[in-house]
Amino acid sequence: MGRIFAVFIIIFSIASGFWSCEVPEERFMTFSEGEGLRFSSDSVVFDTLFTTLGSVTRRLKVFNDRPNAIKIEHIHLAGTETPFRVWVNGQPLEMIQEQVIIGGDSMLVLVEVTIDPMDENLPFLVTEDLIFISGPVTQSVKLVAWGQDAVFLGNQSLECGSRWTNDRPYVLTGSVLVDSLCVLEIDAGARIFAVPGAYLFVRGSMQAEGTAADQISFLNIRQDPPFNQGPGQWGGLIFLEGTFENIINHVVIRNSEYGFRIGAPDEDEETDLKISNTIIENTSIGGVVSFTSDIHLTNVLIKNSIGPLLGVFAGGNVIVEHCTFANFGFGISREEPVLVLSNNIILSNGELLTAPLNASLLNTIIWGDGQEEIALGQSEGVGFSVEWGTNLLKTQQEIFQGGPSLINQNPLFVNPSEYDYRIQSESPARGAGVDIGIETDILGQTRSNPPDLGAYSYQPE
């Protein structure tokens, strides 16, 4: 009998404990006029979103700063048809009847949005009010999103003669191919965004002609921090064997695996990829990576890469003029020097592939935070010719000592941590170049004579 009584007492105590978790009705507090809930923000804002593509999840905290419990009788969206989706403490909003926040506690609200197309070229605003009713007090939090209609492409070959305009952004939801003998034209000001794993493959030709005032941009689809500065978030531009007469001018490429990768061996020395007045930043494999190809870089800034900024493998014909290659590894772990020039490469099957290398570097800055920022790979019996003109180089190799390049002299960039690679007035790169007929810099500003080294010509503030 005693044991039965003891078990009864235990069960009663447990049950009482459960009952005690509920807040008695008389202990609820009612807000007076001028009082209310506190919110972590008065609005939930989404940056520009492409229509039909869902957003990330935003968080909103709702606080009860009073000592007594508060009953929220109703939470709802003001509109009847809305692109926003809301969860309260893990439950969909449409299933919520009322919510209790005990004194000094909070609850979590999650918000997402998917915006319908509006057939508009310019971004458009979508808003909604999230309403909280607590007794006599009604409060609201504004939900705000900018929508952008786009042209969606992915896992397809483009029609020959395709042209990308600057009317609406292009979103690569998968890889896209410019096929043999086809030409893709891209207008100044065009904006191209890509999802992870998406590449633009070019077996034909690409003519991307931006201007200093109206650049063409290739970016990852997410531009909210920290994704706006993260390497490897999409594939990059890949030029395949047979590609020809590619012109890249005033283009920005950011946060990709490659900026440009080209493997186009042929019998001639005609330039297959000409890149000018272009910025490549935050790459995970390399800025420009070339295999037995003919490339020409003028007024190009390449910065912040896990791999080499310029990697030339298995030979080719390479011209580099008035470029700035600078790697300080901001936010990444660097694995390679800034510049790699090699007339060979070991293939995945162990075979050594070689081809003659002919390279010329003039009026260029090669700099980084490593002790050695130049790697040369030379197989005997295979051509290896590099013209080192007037440059500024970070290197410990004896072959570079004695000129004509400046060796290990800090170029004094304005602010590398803010990605500002213009040179200061005291920079040794000022006036250290030779006139090679390139009259303007990457910004379209007139160069001095003698010119400054690098992609930027010094301009007084």
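Quantities reported herein were computed from a predicted structural model and do not represent experimental measurements. (Residues numbered from 1 in each chain as written. Predicted model: local features only at pLDDT ≥ 70, side-chain atom pairs only at ≥ 80, totals over all residues. Heavy atoms only, no water.)

Draft legend 1. Structural view of the packing of aromatic side chains. The tally for this structure, following the rule as stated, stands at 13 aromatic pairs. Here a set of aromatic residues connected by ring pairs shows up, and it is made of Phe328, Phe330, Phe413, Tyr419 and Tyr421. Over the ring of phenylalanine 63 we find arginine 38, and its NZ or CZ is 4.2 Å from the ring centre. A cation over an aromatic ring shows up here: lysine 394 above the ring of tryptophan 367, its NZ or CZ 4.7 Å from the ring centre. (Phe/Tyr/Trp six-rings, centres within 6.5 Å; stacked < 30°, edge-to-face > 60°. Lys NZ or Arg CZ within 6 Å of the ring centre and 35° of its normal.)

Draft legend 2. Just the state of the cysteines, in detail. Across all of its chains, the model carries one disulfide by this definition. A sulfur-sulfur distance of 1.7 Å marks the disulfide that ties cysteine 160 to cysteine 182. Of this pair, cysteine 160 sits in the loop between strand E13 (156-157) and strand E14 (163-164) while cysteine 182 sits in the loop between strand E16 (176-178) and strand E17 (183-186), and the two are 22 residues apart along the sequence. What makes cysteine 160 exposed here is its relative accessible area of 54%. (Disulfide = S-S within 2.5 Å. Helix = DSSP H or I, 4+ residues; strand = E, 2+ residues; numbered from the N terminus. Buried < 20%, exposed > 50% of the residue type's maximum accessible area, 1.4 Å probe, protein only.)

Draft legend 3. Region of the structure containing the nonpolar core. In this structure, Trp164, Ile186, Leu200, Met206, Phe218, Phe260 and Phe325 are the most contacted members of the largest nonpolar core, which totals 58 residues. Among the elements that make up this core, the one with the highest residue count is strand E27 (residues 286-305) (five residues). Sequence-distant contacts of phenylalanine 325, defined by excluding residues within four places in its chain, comprise Leu297, Val300, Ile302, Leu309, Leu310, Val320, Val338, Thr364, Ile365, Ile366 and Trp367. If you look at the next biggest cluster of nonpolar residues, it comprises 32 residues, including Leu93, Phe124, Val126 and Val141. (Core = buried A, V, L, I, M, F, W, Y, C linked by side-chain atoms within 4.5 Å. Contact = heavy atoms within 4.5 Å.)

Draft legend 4. Spotlight on the sheet that holds strand E9 (residues 106-113). Spatially, E1-E3-E9-E6-E7 is the arrangement adopted by the five strands of the open sheet, whose pairing is antiparallel. Strand pairing shows two members of the sheet lacking a second neighbour, strand E1 (38-39) and strand E7 (91-92), which therefore form its edges. (Pairing = 2+ DSSP bridges.)

Draft legend 5. Structural context of the pattern of salt bridges. Per the counting criterion, the structure on display carries 14 salt bridges. The partner of arginine 85 in a salt bridge is glutamate 112, with the nearest N and O atoms 3.1 Å apart. Here arginine 85, found in strand E6 (residues 84-88), pairs with glutamate 112, found in strand E9; they are 27 residues apart in sequence, far enough to count as distant. Of the residues examined, glutamate 112 reaches a relative accessible area of 18% and is grouped as buried. Linking lysine 303 and glutamate 281 is a salt bridge whose minimum nitrogen-to-oxygen distance equals 2.9 Å. Of this pair, lysine 303 sits in strand E27 while glutamate 281 sits in strand E26 (residues 273-283), and the two are 22 residues apart along the sequence. The buried category is assigned to lysine 303, whose relative accessible area is 5%. Through salt bridges with shared partners, a single network forms among Arg254, Glu281 and Lys303. (Salt bridge = Lys/Arg side-chain N within 4 Å of Asp/Glu carboxyl O.)

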